[in-house]
Amino acid sequence: QMAKEKLNDAYRAIDALAEAVKLKEDAPEVLEPLFALYRETRQGQKAVQTLERLLAAPALAAEPAKAKKLYFTLGEVHRDELKDPVKAVEHRLGLR
């Protein structure tokens, strides 16, 4: 959010956060806003890739409730953005 507000452009904020990910590959404080911007700009495949990285981050292992919510969100992206109902159901039910 801060990157978007400071840069006043979602796409420039994406570029800045993508560079930050190179330095902090599994940092939730970088991946979460990057995911939100990909979703906002309707870049479904990149949103999925980013959310999958976030779900694999060691920091998330200590937060099972948050992980469950993110899997549900991943299902929504598969359903709404990628039009993949099978993966949507799998993620929303926690089958993946």
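Definitions and cut-offs
Residues numbered from 1 in each chain as written. Predicted model: local features only at pLDDT ≥ 70, side-chain atom pairs only at ≥ 80, totals over all residues. Heavy atoms only, no water. Helix = DSSP H or I, 4+ residues; strand = E, 2+ residues; numbered from the N terminus. Buried < 20%, exposed > 50% of the residue type's maximum accessible area, 1.4 Å probe, protein only. Areas by Shrake-Rupley, 256 points an atom, 1.4 Å probe, with all protein chains shown as cover. Core = buried A, V, L, I, M, F, W, Y, C linked by side-chain atoms within 4.5 Å. Contact = heavy atoms within 4.5 Å. Salt bridge = Lys/Arg side-chain N within 4 Å of Asp/Glu carboxyl O. Axes fitted to C-alpha atoms, helices over the stretch in contact; angles between N-to-C directions. Parallel < 35°, antiparallel > 145°, perpendicular 65-115°, else oblique. Left-handed = near helix turned anticlockwise from the far one by under 90°. Nonpolar A, V, L, I, M, F, W, Y, C, P; charged D, E, K, R; others polar.

A.B. asks: Describe the overall build of the protein chain, naming the residues involved and giving the relevant values.
C.D. replies: Counting its regular elements, the protein chain contains six helices and zero strands. Order of helices (α) and strands (β) in the protein chain, N terminus to C terminus: α-α-α-α-α-α. Put simply, the protein chain has 96 residues, and 36% of those count as buried. Total accessible area on the protein chain stands at roughly 6000 Å², and carbon and sulfur atoms take up 54% of it.

A.B. asks: I'd like a description of the nonpolar core, backed by residues and values.
C.D. replies: Among the nonpolar cores identified, the biggest contains 22 residues, and Leu34, Leu37, Leu51, Leu55 and Leu70 are the most heavily contacted of them. Elements represented by at least two residues in this core include exactly α2 (10-23), α3 (28-40), α4 (44-56) and α5 (64-80). When residues in this core are grouped by element, the largest group, six residues, is from α3. If we ignore the near neighbours within four places in the chain, the residues touching Leu51 are Phe35, Leu70, Thr73 and Leu74.

A.B. asks: Which residues make up the pattern of salt bridges, and what are the values?
C.D. replies: Counted according to the given criterion, the structure contains five salt bridges. Ionic pairing is found between Lys22 and Glu19, a salt bridge with its closest N-O pair at 3.0 Å. Taken together, the positions of Lys22 and Glu19, both in helix α2 and three residues apart, correspond to about one turn of that helix. Overall, the relative accessible area of 58% leaves Lys22 in the exposed class.

A.B. asks: Break down the side chain of Gln43 for me, with residues and values.
C.D. replies: With respect to the helices and strands, Gln43 occurs in the loop between α3 and α4. Using a relative accessible area of 19% as the deciding quantity, one classes Gln43 as buried. Those residues in contact with Gln43 that lie beyond four places of it in its chain are Tyr11, Ile14, Tyr38 and Glu81.

A.B. asks: Describe the packing of α3 against α5, with residues and values.
C.D. replies: In helix packing, the relevant descriptors are the interaxial angle and the interaxial distance, both defined with respect to the helix axes. Here α3 crosses α5 at 20 degrees, and the two axes come no closer than 13 Å. Our classification of the angle between α3 and α5 gives roughly parallel. Handedness of the α3/α5 crossing: left-handed. Every residue of α5 that contacts α3 at Glu32, Phe35 and Arg39 is listed here: Lys66, Thr73, Glu76, Val77 and Asp80. The class makeup of the residues in the contact of α3 with α5 is two nonpolar, one polar and five charged.

A.B. asks: Give a detailed account of unusual backbone geometry, specifying residues and quantitative values.
C.D. replies: One non-glycine residue, Arg42, adopts positive backbone phi at about 60 degrees. Of note, Arg42 is situated in the loop between α3 and α4. Relative accessible area serves as the criterion here: at 61%, Arg42 is assigned to the exposed category. Even without glycine at this site, Lys83 takes up a positive phi of about 55 degrees. Relative to the assigned elements, Lys83 resides in the loop between α5 and α6 (85-92).

Any functional reading would require information that these geometric values do not contain.
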